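Summary of structural features
Below, each chain spelled out in residue letters.
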Amino acid sequence: MVETAHRYLEGQVTPDFYICGGGSVVCDKEGRIIWDTRFDSSAMREVRDLAAEYGMPRCVAFSGPEKYPMIIKREVQPFPEDVAEYNHVSTSSKDKDFSKGFANALMEKLGDKINAQVNGLSVDVVACGVTKSTGIYEVMKVFGIAKEDVITIGDNHNDYDM
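Per chain, the residues get numbers from 1 upward, laid out in the order the sequence is written. Reporting of local features is limited, given that this is a predicted model, to residues whose pLDDT is at least 70; pairs of side-chain atoms are given and counted only at 80 or more, and all residues count toward the totals for whole chains, interfaces and linings. Water and hydrogen atoms were dropped before computing side-chain values, which therefore reflect all heavy atoms in the structure.

**Considering the overall build of the protein**
Worth spelling out the cut-off: Secondary structure follows DSSP: runs of H or I at least 4 residues long count as helices, runs of E at least 2 residues long count as strands, and numbering of each begins at the N terminus. Here the term buried applies to any residue with accessible area under 20% of the maximum for its type, exposed to any over 50%, and partly exposed to those in between, with areas from a 1.4 Å probe on protein chains only. By the convention used here, residues are in contact when the closest approach between their heavy atoms is within 4.5 Å. Each accessible area value is a Shrake-Rupley result obtained with a 1.4 Å probe; residue values ignore everything except the protein chains displayed when judging cover.
Looking only at helices and strands, one finds four helices and eight strands in the protein. Along the protein, helices and strands appear, N-terminal first, in the series α-β-β-β-β-α-β-β-α-β-β-α. Every one of the 162 residues in the protein was classed for burial, and the buried ones make up 44%. Expressed as a percentage of contacts within the protein between residues at least 6 apart in sequence, the contacts between residues at least 24 apart total 57%. Accessible surface, the protein as shown: approximately 8900 Å² in total, 50% of it carbon and sulfur.

**As for the packing of helix H2 (residues 41-54) against helix H3 (residues 96-110)**
Selection rule: Between the N-to-C directions of two axes lies an angle of 0 to 180 degrees, each axis being a line fitted to C-alpha atoms and, for a helix, fitted only over the stretch in contact. Roughly parallel here means an angle under 35 degrees, roughly antiparallel means over 145, roughly perpendicular means 65 to 115, and every remaining angle is called oblique. By definition, any crossing whose near helix is turned counterclockwise from its far helix by less than a right angle is left-handed, and any crossing with a clockwise turn is right-handed. Polar here means any residue outside two lists: the nonpolar Ala, Val, Leu, Ile, Met, Phe, Trp, Tyr, Cys and Pro, and the charged Asp, Glu, Lys and Arg; Gly therefore counts as polar.
Where H2 contacts H3, the two axes come as close as 11 Å, and the packing angle between them is 135°. For the element pair H2 / H3, the angle class is oblique. The way H2 lies across H3 gives a crossing that is right-handed. Between H2, through Glu46, Val47, Leu50, Ala51 and Tyr54, and H3, the contact on the second element is made entirely by Phe98, Gly101, Phe102, Ala105, Leu106, Lys109 and Leu110. Taken together, the residues of the contact of H2 with H3 break down into nine nonpolar, one polar and two charged.

**Side note on the sheet that holds strand S3 (residues 33-36)**
Put simply, the rule reads: Two strands form a pair only when DSSP identifies at least two bridges running between them.
Taken together, the three strands give an open sheet; going across it, the order is S1-S2-S3, and neighbouring strands pair in antiparallel fashion. Looking at which strands have only one partner, the edges of the open sheet turn out to be strand S1 (17-20) and S3. For this sheet, the mean inter-axis angle between neighbouring strands, taken without regard to orientation, is 20°. Sheet topology places S1 next to strand S2 (residues 25-28); four bridges connect them, and they run antiparallel. Residue pairing across strands places Cys20 opposite Val25, the latter belonging to S2.

**What about the pairing of strand S7 (residues 114-119)?**
Burial of S7 is extensive: five of the six residues sit out of reach of the surface. Count of turn residues in the S7/strand S8 (residues 122-127) antiparallel hairpin: two residues, of which Gly120 carries a positive phi of about 70°.

**Some remarks on H3**
Stated formally: Expected span, for any helix, means 1.5 Å times one less than how many residues it has. N or O atoms within 3.5 Å of each other form a polar contact, as long as, within protein, one can give a hydrogen and the other can take it, and as long as residues adjacent in sequence are counted only when both atoms are side-chain atoms.
Between the first and last C-alpha of H3 there are 21 Å, a value that for 15 residues agrees with the 21 Å anticipated at 1.5 Å per step. Elements that come into contact with the buried residues of H3 comprise H2, strand S6 (85-92), S7 and S8. If you check the start of H3, you find a side-chain oxygen 3.2 Å away from the backbone N of Asp97, and it comes from Asp95.

**Some thoughts on the packing of aromatic side chains**
Condition: Classification of ring pairs uses Phe, Tyr and Trp, with its six-membered ring standing for Trp, and accepts pairs whose centres are within 6.5 Å; under 30 degrees between planes counts as stacked, over 60 as edge-to-face, and the remaining range as tilted.
The tally for this structure, following the rule as stated, stands at three aromatic pairs. Ring plane angle 50° and centroid distance 5.1 Å describe the contact between Tyr54 and Phe98, whose orientation is recorded as tilted. With a gap of 44 residues between them, Tyr54 in helix H2 and Phe98 in helix H3 connect regions that are remote in the sequence. Of the residues examined, Phe98 reaches a relative accessible area of 28% and is grouped as partly exposed. When the ring of Tyr54 is compared with that of Phe102, the centres are 5.4 Å apart and the planes differ by 45°; the resulting orientation is tilted. One end of the pair, Tyr54, is in helix H2; the other, Phe102, is in helix H3, with 48 residues separating them in the sequence.

**Things to note about the pattern of salt bridges**
Rules: Here, a salt bridge means any side-chain nitrogen of Lys or Arg that lies within 4 Å of a carboxyl oxygen of Asp or Glu.
A complete count under the given rule lists four salt bridges for this structure. One salt bridge connects Arg38 with Asp36, and the closest N-O pair in it is separated by 2.9 Å. For Asp36, a relative accessible area of 22% gives the class partly exposed. Ionic pairing is found between Asp49 and Arg48, a salt bridge with its closest N-O pair at 3.0 Å.

The structure is reproduced here in structure tokens:
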């Protein structure tokens, strides 16, 4: 993710931080993880099962900092049980309304455990209460950065709260 952003922004702007995975991971400009949030594998199994039930065609899971980003599977199917926590899950369909419906179904069933954010054709699933703003506020707190010194750049609906 960070490498993709570097290529896109090359020569235009040099970010100090990247807010990744729907706000679940913050990386510095070299791509090192400096902050992250997680939800447990039982919540991940519920997301995976609801994705299969709903017919969501793809489900990609990412695990903690020592393995981030680790793509578990590119389609909805079993994944290793030895991963205890996840930063986020990203699903994708070919229809925006289908993705919105899936996000709503996730929030209705699992909203006390996760946050589902529509991002175009994708749905990003993170721990309950996490958004990209969460990551930004954490960076501001840890590094003592004032709000007026922060500039954010986003490209989709899940960036609005920044």
